[in-house]
Amino acid sequence: FIRDLFVQGETKLGRVFVQERVLNDQQQLHILDYERSSSMIQHASRLGVGMCYCRHKMEHLGKACNAPMNICMTLGNAADSLIRHGHAREISVSEAIGLLDTAYEHNLVQIGENQQKQIPFICNCCGCCCEALLAVKQFGTLYAISTSNYLPSVDQQACTGCGACIPLCPVDAVSMEEKGAAVDEEACLGCGVCVRGCPVNALSLHEREKRVITPVHSVHRIVRMAVERGTLQHLIFDNQAHLSHRALAALLGAVLKLPPVKRKLASEQFKSQYLLKLMEMFPSKIP
């Protein structure tokens, strides 16, 4: 289940937010609101903060780092539910922004649900406790989390080879070579933590050549994931106790396995149009 959820398909469950303060003035003008964790916080209907599950588990194992424990934020309906049930404390926008600053100071990575609107959480993660980041390092599941739209560049003339950036990377994507620091772009999350921590400003961010696609909302993400994993028929015809639903699911599953259909669904433009039309046709079938 975990392999299918995190490894298969292009669309991932979670995504990384870039640390906004390391962007230059030009990038600040072009970054979209949904790419900013601060914007997600400012537009949330309700905000809560609770204990970091991963760091708490590591504390019981005697392996927790010194990053703050109560720093993972929930937003909107998720915050409302957790606050009502006593699992989160309600906070203001200003306190949430302050927690974001604290996360930056502790070199934590901001990870939220992979959608543009109404994200339910923003976790502040470290590479030593976070289960998702540990999975990337331990099992080589590159891009288990959707990356930001940025990558770090190294100014080799300015780099002193001090190595300060290496332990900062949460997925071990930075190494030291003879000419200075080097970034493994295939593994890099684009969080910007290494850029912020460089003492000589030898690191900076640039935009990825291919823009990362972020689903509009949770329904869009779920349907995309189902298409990519070949389970769209089960999502639409969920009540397979009915013979008619089982038959239709089997038929749609067979159609989706045809090579021309798969090639067509691989087209980003077609896939987006197809999924939006599908959501209009089956509004009650897709959660």
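None of these values were measured; they are calculated from a predicted model.

A. Inspection of the overall build of the protein at higher detail. What the protein contains, in helices and strands, is 13 helices and 10 strands. Residue pairs in contact within the protein that sit at least 24 positions apart in sequence constitute 68% of those at least 6 positions apart. Element-wise, carbon and sulfur atoms account for 55% of the exposed surface of the protein, whose accessible area totals about 15,000 Å².

B. Up close: the pairing of strand β5 (residues 109–113). Counting buried positions over the five residues of β5 gives five, a clear majority of the element. Pairing geometry for strand β1 (residues 14–17) and β5, over four bridges, is antiparallel. Paired with G14 across the strands is E113, a residue of β5. Of the strand pairs in this sheet, β5 and strand β6 (residues 121–125) are connected by four bridges, and their pairing is antiparallel. Residue G112 lies in a different strand from β6, and its bridge partner there is I122.

C. A look at the pattern of salt bridges. Tallied over the entire structure, the rule returns nine salt bridges. The residue D80 makes a salt bridge to R46 at a minimum N-O spacing of 2.4 Å. Linking D80 in helix α5 (residues 76–84) with R46 in the loop between α3 (37–42) and β2 (47–50), this pair joins segments that are 34 residues apart in sequence. Judged by relative accessible area, D80 falls into the partly exposed class, the value being 26%. For R46, a relative accessible area of 22% translates into the label partly exposed. A salt bridge links D80 to R84, with the nearest nitrogen and oxygen atoms 3.1 Å apart. Taken together, the residues span about one helical turn, with D80 and R84 both in helix α5 at a distance of four residues. Residue R84 is classed as exposed on the basis of its relative accessible area of 55%. A single salt-bridge network, built from bridges that share partners, covers R46, D80, R84 and E90.

D. Inspection of the nonpolar core at higher detail. Within the largest apolar cluster, 35 residues are counted, with the highest numbers of intra-cluster contacts made by V16, I111, L133, V171 and L205. Those elements that provide at least two residues to this core are β5, α7 (131–139), β7 (150–154), β9 (180–183), α8 (193–197) and β10 (203–207). With three residues, the single largest contributor to this core is α8. L205 has contacts with V18, V22, L23, Q27, Y150, L151, P152, G192 and V195, leaving out every residue within four places of it along the chain. Among the nonpolar cores identified, the runner-up in size contains 23 residues, and Y34, I71, A103 and I119 belong to it.

E. Structural context of a negative patch on the surface. A surface patch of negative charge is lined by D184, E185, E186 and E209. Mapped onto the secondary structure, E209 falls in the loop between β10 and α9 (218–228).

F. Representation of the sheet that holds β6 within the structure. With antiparallel pairing, the six strands of this open sheet are ordered in space as β1-β5-β6-β3-β2-β4. Two strands lie at the open edges of the sheet, namely β1 and β4 (89–90), each paired on one side alone.

G. Region of interest: the side chain of E20. With respect to the helices and strands, the residue E20 is situated in the loop between β1 and α2 (25–30). Overall, E20 belongs to the buried group, its relative accessible area being 9%. A polar side-chain atom of E20 sits 3.1 Å from the main-chain amide nitrogen of S37. Leaving out residues up to four positions away in the same chain, E20 has contacts with Q28, R36, S37, S38 and Y104.

Conventions adopted
- Residues numbered from 1 in each chain as written.
- Predicted model: local features only at pLDDT ≥ 70, side-chain atom pairs only at ≥ 80, totals over all residues.
- Heavy atoms only, no water.
- Helix = DSSP H or I, 4+ residues; strand = E, 2+ residues; numbered from the N terminus.
- Contact = heavy atoms within 4.5 Å.
- Areas by Shrake-Rupley, 256 points an atom, 1.4 Å probe, with all protein chains shown as cover.
- Buried < 20%, exposed > 50% of the residue type's maximum accessible area, 1.4 Å probe, protein only.
- Pairing = 2+ DSSP bridges.
- Salt bridge = Lys/Arg side-chain N within 4 Å of Asp/Glu carboxyl O.
- Core = buried A, V, L, I, M, F, W, Y, C linked by side-chain atoms within 4.5 Å.
- Patch = residues over 30% accessible without salt bridge, like charges linked within 9 Å, V, L, I, M, F, W, Y side chains within 5 Å.
- Lys, Arg positive; Asp, Glu negative; His and termini not counted.
- Charge placed at Lys NZ, Arg CZ, Asp CG, Glu CD.
- Polar contact = N/O pair within 3.5 Å; in protein donor to acceptor, adjacent residues only side chain to side chain.

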